[in-house]
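# Commentary on secondary and tertiary structure
These are the residues of each chain, in order.
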Amino acid sequence: MNRFYSVELTKDLFGQHGVHRQWGRYGTWGRHRHDWYATQNEAESALSDLVK
């Protein structure tokens, strides 16, 4: 079964930092989730935990 995973740091127009995740099977849009954090360090820590 062919699957994909994507994780990236994001920043919105109001200065909030977030982690955007997307996963699913190739050929589909898959699912996604966006979590927001107060600081960039918190977002980077969350991203690091996900990658581990």
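Conventions adopted
Residues numbered from 1 in each chain as written. Predicted model: local features only at pLDDT ≥ 70, side-chain atom pairs only at ≥ 80, totals over all residues. Heavy atoms only, no water. Helix = DSSP H or I, 4+ residues; strand = E, 2+ residues; numbered from the N terminus. Expected span 1.5 Å × (residues − 1). Buried < 20%, exposed > 50% of the residue type's maximum accessible area, 1.4 Å probe, protein only. Arc of directions from axis to C-beta. Contact = heavy atoms within 4.5 Å. Patch = residues over 30% accessible without salt bridge, like charges linked within 9 Å, V, L, I, M, F, W, Y side chains within 5 Å. Areas by Shrake-Rupley, 256 points an atom, 1.4 Å probe, with all protein chains shown as cover. Salt bridge = Lys/Arg side-chain N within 4 Å of Asp/Glu carboxyl O. Phe/Tyr/Trp six-rings, centres within 6.5 Å; stacked < 30°, edge-to-face > 60°.

## What about helix α1 (residues 40-51)?
- A rise of 1.5 Å per residue sets the reference length of α1, with its twelve residues, at 16 Å; its end C-alpha atoms lie 17 Å apart and thus fit the reference within 8%.
- Turning to α1, its buried residues number three or more, namely A43, A46 and L47. Each buried residue of α1 lies within a common arc of 100 degrees when the element is viewed along its axis, so the set occupies one face. Summarising the geometry of α1, the exposed residues directed more than 90 degrees from the buried face are N41 and D49.
- Where α1 is buried, its residues contact β1 (3-11), β2 (17-25) and β3 (31-37).

## A word on the environment of A38
- Here A38 lies in the loop between β3 and α1.
- Sequence spacing of A38 and G15 is 23 residues, and the spatial spacing of their C-alpha atoms is 8.8 Å.

## Brief notes about a nonpolar patch on the surface
- On the surface, V7, L50 and V51 cluster together into a nonpolar patch covering about 250 Å² of accessible area.
- The residue V51 is located in helix α1 in this model.

## Re the packing of aromatic side chains
- Enumeration over the complete set of coordinates arrives at one aromatic pair.
- Their ring planes at 45 degrees and their centres at 5.8 Å tell us that F4 and Y26 sit as a pair that is tilted. Highlighted residues: F4 in strand β1 and Y26 in the loop between β2 and β3, separated in sequence by 22 residues.

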